[in-house]
Amino acid sequence: MTNQLHPLMNQQLTNWTVMYTKLHNYHWYVKGANFFTLHAKFEEFYTETATYIDEIAERLLTIGGQPIATLKETLETATIEEANGAETADDMVKIILSDFTAIANHIDTLLEVAENEKDEETADLFLGIKATLEKNMWMLKAYLG
């Protein structure tokens, strides 16, 4: 396998690692009338995210890559920003929607490279992630009205 996929997959890995922490932050600190709904939804999202982190890292190792596995390198590589601690419940939803959109758009680039490299297994992994992202994005948009 070519190394062209490795940096793209590490970008996904580090973004999901930041999302994992951000979603925990939002899960713990969400307040307001929609607490119960959002508290549960954020937990669902970070549980899903943990699966993605493991699947992406294992696939990267399978194709000869080296997954980024330190917080320092993660923060240097990720394009997703950490939570700042001042977000309202609606801010949290808007930020997650924005982050999911950015990750989904990046997956499009990764899919092109995977298809060019004839790496159907990597493409399948990311097609599945993107399908779930699109469903989550639809739900977040519906929540925001």
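About the thresholds
Residues numbered from 1 in each chain as written. Predicted model: local features only at pLDDT ≥ 70, side-chain atom pairs only at ≥ 80, totals over all residues. Heavy atoms only, no water. Helix = DSSP H or I, 4+ residues; strand = E, 2+ residues; numbered from the N terminus. Rg over C-alpha atoms; globule rule 2.2 N^0.38 Å. Buried < 20%, exposed > 50% of the residue type's maximum accessible area, 1.4 Å probe, protein only. Contact = heavy atoms within 4.5 Å. Areas by Shrake-Rupley, 256 points an atom, 1.4 Å probe, with all protein chains shown as cover. Lys, Arg positive; Asp, Glu negative; His and termini not counted. Charge placed at Lys NZ, Arg CZ, Asp CG, Glu CD. Phe/Tyr/Trp six-rings, centres within 6.5 Å; stacked < 30°, edge-to-face > 60°. Salt bridge = Lys/Arg side-chain N within 4 Å of Asp/Glu carboxyl O. Axes fitted to C-alpha atoms, helices over the stretch in contact; angles between N-to-C directions. Parallel < 35°, antiparallel > 145°, perpendicular 65-115°, else oblique. Left-handed = near helix turned anticlockwise from the far one by under 90°. Nonpolar A, V, L, I, M, F, W, Y, C, P; charged D, E, K, R; others polar. Expected span 1.5 Å × (residues − 1).

A. Inspection of the overall build of the protein chain at higher detail. Of regular secondary structure, the protein chain possesses five helices and zero strands. Each helix (α) and strand (β) of the protein chain, taken in turn from the N terminus, gives the series α-α-α-α-α. Taking 2.2 N^0.38 as the reference for a compact globule, 145 residues should give roughly 15 Å; the C-alpha atoms of the protein chain span a radius of gyration of 15 Å, in line with that estimate. Burial status across the protein chain gives 45% buried among its 145 residues. Long-range contacts, defined here as pairs at least 24 residues apart, represent 81% of the contacts in the protein chain between residues at least 6 apart. Carbon and sulfur atoms make up 53% of the accessible area of the protein chain, which totals about 7800 Å². Averaging the coordinates of the 10 positive side-chain charges in the protein chain and doing the same for the 23 negative ones gives two points 6 Å apart.

B. Up close: the packing of aromatic side chains. Counted according to the given criterion, the structure contains six aromatic pairs. Aromatic side chains tyrosine 26 and phenylalanine 42 sit 6.0 Å apart centroid to centroid with 50° between the ring planes, which places their arrangement in the tilted category. Of this pair, tyrosine 26 sits in helix 1 (residues 5-29) while phenylalanine 42 sits in helix 2 (residues 35-62), placing them 16 residues apart in sequence. An aromatic cluster is built from Trp16, Phe45, Tyr52 and Phe100, whose rings are joined through pairwise contacts.

C. Examining the side chain of threonine 74 more closely. One can find threonine 74 in helix 3 (residues 71-77). A relative accessible area of 4% places threonine 74 in the buried class. Other than its neighbours up to four places away in sequence, threonine 74 contacts Thr14, Thr17, Val18 and Ile68.

D. Representation of the pattern of salt bridges. A complete count under the given rule lists seven salt bridges for this structure. Glutamate 134 is paired through a salt bridge with lysine 130; the nearest N and O atoms lie 3.7 Å apart. Of this pair, glutamate 134 and lysine 130 both sit in helix 5 (residues 120-144), separated by four residues, roughly a single helical turn. Each of Arg59, Asp119 and Glu121 takes part in one network of salt bridges that share partners.

E. Looking closely at the packing of helix 1 against helix 4 (residues 89-116). Two elements in contact, helix 1 and helix 4, have axes whose closest approach is 10 Å; the angle formed by their N-to-C orientations is 165°. Taken together, the axes of helix 1 and helix 4 lie roughly antiparallel to each other. Once helix 1 is placed against helix 4, the crossing between them reads as left-handed. Here helix 1 contributes Leu5, Leu8, Met9, Gln11, Gln12, Asn15, Trp16, Met19, Lys22, Leu23, Tyr26 and Tyr29 to the contact with helix 4, which in turn contributes Met92, Ile95, Ile96, Asp99, Phe100, Ile103, His106, Ile107, Thr109, Leu110, Val113 and Ala114. Residues belonging to the contact of helix 1 with helix 4 are distributed by class as follows: 17 nonpolar, five polar and two charged.

F. Quick peek at helix 1. With 25 residues, helix 1 extends 36 Å between its outermost C-alpha atoms, agreeing within 8% with the 36 Å of an ideal straight helix rising 1.5 Å per residue. In terms of residue burial, helix 1 counts as a mostly covered element, since 20 of its 25 residues are buried.

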